[in-house]
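Structural overview for review
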Amino acid sequence: MKVLDKPKQGCLLVSEPLLGDPNFEKSVVYLVAYSNEGAVGFIINHESDLMISDFFDNLDNVDMFILNGGPVETQNLYFIHKRPDLIESNYHITDNYYWGGDTDKLFEKIRNSEISDQEVIFFRGYSGWASGQLENEIKHKSWIVVEDSIDELLSMPPEERWPHMLRKIGGEYLLWINTPSDPVLN
């Protein structure tokens, strides 16, 4: 793990413990796109109570959860995956992760058990920043920018991902791992 001075595509944004924004409280965001024009990411640790089968009748036997990816366009479904060999029209993020692609083909591969829940993650909505907005939030200590293995994070339950990142960052952040969202309630 490496703490970075500025964001880049494929990095993780770990919310500061007292961020104060309910959309991003205790969040880990996987930044899937970053340029001078802005940034797009998905919160990888906020579970929803929705499953992919809640949206698509032809996937009624599929037990894949949907994460709350962020506060933007929450009526839309997005996905990242690790199977560019099976899903065309991919946007390469970093390492072996891709964003989007042919959803009809994806659902066909899921129905045929060719793609598992370890290879695709669905999100309701996304997190987005206009040009300069994310840099300003980082400057004001809203986010810790980290370069780390997303595979390791995705192998653990979503509720363990933010505390895990604080443990890895260490120092003063260890104090915040078990505190409630509102420290006054402690």
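Refer to the structure presented above.
Below or above, wherever it landed, is the structure these notes cover. Keep in mind the model is a prediction, meaning the values are calculated, not measured. (Residues numbered from 1 in each chain as written. Predicted model: local features only at pLDDT ≥ 70, side-chain atom pairs only at ≥ 80, totals over all residues. Heavy atoms only, no water.)

**What to know about the packing of aromatic side chains**
Under the criterion given, the structure shown has twelve aromatic pairs. Taken together, the aromatic side chains of F42, Y78, Y91, W99, F123 and Y126 make up a single cluster linked through ring pairs. (Phe/Tyr/Trp six-rings, centres within 6.5 Å; stacked < 30°, edge-to-face > 60°.)

**What to know about the pairing of strand β3 (residues 28-35)**
Among the eight residues that make up β3, six are buried, leaving the element largely enclosed by the rest of the structure. A loop of two residues connects β3 with strand β4 (residues 38-43), the two strands running antiparallel in sequence. (Buried < 20%, exposed > 50% of the residue type's maximum accessible area, 1.4 Å probe, protein only. Helix = DSSP H or I, 4+ residues; strand = E, 2+ residues; numbered from the N terminus. Pairing = 2+ DSSP bridges.)

**Quick look at helix α1 (residues 103-111)**
Within the sequence span of α1, burial applies to L106, F107, K109 and I110. Looking down the long axis of α1, one finds its buried residues gathered within 160 degrees of arc, a one-sided arrangement. Looking at the packing, one finds that the buried side of α1 touches β7 (72-81) and β10 (120-130). Taking the backbone nitrogen of D104 as reference, a side-chain oxygen 3.0 Å away marks D102 as the first, capping residue of α1. Phi turns positive, to about 60 degrees, at S113, one or two residues after α1. (Arc of directions from axis to C-beta. Contact = heavy atoms within 4.5 Å. Polar contact = N/O pair within 3.5 Å; in protein donor to acceptor, adjacent residues only side chain to side chain.)

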